[in-house]
Amino acid sequence: MAATPADASSSSSEAVVGGEKSNKMITLISSDGESFEATEEAAKMSVTIKHMIEDGCADDGIPLPNVPAKILSMVIEYCNKHAADADDTNKHVADPADADEDDDNNNNNASAGEKEDLKSFDASLVAVDQATLFDIILAANFLSIKGLLDLACQKVADDIKDKSVEEVREIFKIENDFTKEEEEAVRKENAWAFNE
Amino acid sequence: MEGSDPMATLTDDILADIISRLPYKSTCCCKCVSKRWRDLIYHRHHRKKMPQSVVGFFYEGYNECRSPRKARYFTNLSREYYPLVDPSLSFLPNCGSLDILDACNGLLLCRCWKAADPLKLDYVVCNPTTEKWVSVPATEWPSKVGVARLGFDPAVTSHFHVFEFIDEEAWGVPEDEQDDDFYRRIHTLAIYSSKAGVWKYQTVKQGPFAIPKHSVSSFLNGVLNLAADYNLIVAVDVEGDNWWLVPIPERPDYVDDTNGIFTSQGRVYFADSDRSKLSIWILEDYATGKWTLKHNVSHL
């Protein structure tokens, strides 16, 4: 993804949080051998990748044996979207002296709409089938992308909330491995939760 | 067999993260889903993330042949086997002697006599599980007031209220002016708000009513409900603005005992027992004072 136009004005005088920005592209290779390009900035949303870049291991592309192409492209999409948002926020915070500039006001006006955009982007990203959602969680976990992990885990939690025990088992295809006595015991202890 | 368990791919840490985002009630349902889920939720490592419930009670024993004569115990009713609460509440500083006056949703209201100055008395509100505490500035009355109660609902706010029901005698009403029919009639209500940090006083216009020292009470939806003398339930909200005096349900036998009041699942109940049966009544409405009989259980 191209760097946002705002970058041009910010690079000169501000110390941006997280080190220098660059337009350098990083290659990420999925488990099935497909290559994806992402800006260094977006890629660094993954703490795992950030460390690899800083350790100088990223030059020939970063293989991600745990992440299939379908998931990796979604992850990169997330990082691109959120890196741009983080960029705006950092710019906002980085130089308090700029607080009175028009630039800043524009950011303020844009940010409410942008936040809405981001929210609906996030919502549609996780509105996927279960298998894909779990793959996203595993990828976000492996890549240490906190925002994405939170987003996806929250989605699963929302799907579980207010469901009965049987419904949870059905939705997630979990086998009931309690013995009759064990199940009775744990249900009895938590009977108040069943609203009978 | 049906399709394999996709959640098996999620690590325990991730599953614990997901479950910890659920409201407590859902967490309890989750314990019943499978062995893995149950063990995860109970596991010491993950329990810190989960909303915790320590279910148990304090009680005091008295033994003349022992020193100290009075001793306090805590009984743990939940399945976890390691003690979560130290009944001596030793984490409270400078407390020479301590009485637990009330408990509400995990917090305790205590009355503390200072070690340094035995005449000085404070209220302390503490969480025995986390060992956090705050002192509540004393009014003139803690030593004289029999009825102090705590109102705390963590689902609504992290602030609490302390209620002091000050009777005529404690307030200093001359004996010949005191109410003849209601011994130690409640004269003034003092409410402390931890948010405001101050006590608010109001002269009680409702009633007359009197509240026995160890009266059963229950706090629900911002209202403190107490068993009062003469078959009455007294209810007041945290602002002291709304009062209700609700007679307990009619019974054929005269028995002066309102201590069957309790709250459950958002409603106020009254449990009444005579020789042959136990009756459970639910309060439909504070304003009308209407009760509905919910259950009749025969002893026989």
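Report follows, based on the coordinates. Please read these numbers as outputs of a predicted model, since none were measured by experiment.

## Let's talk about helix H3 (residues 35-42) of chain B
Along an α-helix, a turn takes 3.6 residues, which lines up residues three or four apart on a common side.
Working step 1: The complete set of buried residues in H3 of chain B reads Trp-37, Arg-38, Leu-40 and Ile-41 of chain B. The arc that holds every buried residue of H3 of chain B, seen down its axis, measures 165°, which confines them to one face.

## Quick word on the interface of chain B and chain A
Working step 1: Taken together, the contacts link 30 residues of chain B with 34 residues of chain A.
Working step 2: Of the roughly 3,000 Å² buried between chain B and chain A on both sides combined, carbon and sulfur atoms contribute 66%.
Working step 3: Where chain B packs against chain A, one counts two salt bridges.
Working step 4: With a closest N to O distance of 3.7 Å, Glu-182 of chain A and Lys-35 of chain B form a salt bridge.
Working step 5: Joining chain B to chain A, the criterion identifies six residue pairs in polar contact (both at pLDDT 80 or more).
Working step 6: Only helix H1 (12-20), helix H2 (24-30) and H3 of chain B provide two or more residues apiece to the side of chain B that touches chain A.
Working step 7: When residues in the side of chain B that touches chain A are grouped by element, the largest group, six residues, is from H2 of chain B.

## Digging into the environment of His-161 of chain B
All names here are of chain B.
Working step 1: Considering the arrangement of structural elements, one finds His-161 in strand E8 (residues 160-167).
Working step 2: On the accessibility criterion, His-161 (14% relative accessible area) is buried.
Working step 3: It is 9.7 Å that separates the C-alpha atoms of His-161 and Gly-197, two residues lying 36 residues apart in sequence.
Working step 4: Those residues in contact with His-161, other than ones at most four positions away along the chain, are Arg-149, Leu-150, Gly-151, Ile-191, Tyr-192, Ser-193 and Val-238.

Thresholds applied
- Residues numbered from 1 in each chain as written.
- Chains lettered and ligands numbered in written order.
- Predicted model: local features only at pLDDT ≥ 70, side-chain atom pairs only at ≥ 80, totals over all residues.
- Heavy atoms only, no water.
- Buried < 20%, exposed > 50% of the residue type's maximum accessible area, 1.4 Å probe, protein only.
- Helix = DSSP H or I, 4+ residues; strand = E, 2+ residues; numbered from the N terminus.
- Arc of directions from axis to C-beta.
- Contact = heavy atoms within 4.5 Å.
- Buried area = accessible area lost by both parts, 1.4 Å probe.
- Salt bridge = Lys/Arg side-chain N within 4 Å of Asp/Glu carboxyl O.
- Polar contact = N/O pair within 3.5 Å; in protein donor to acceptor, adjacent residues only side chain to side chain.

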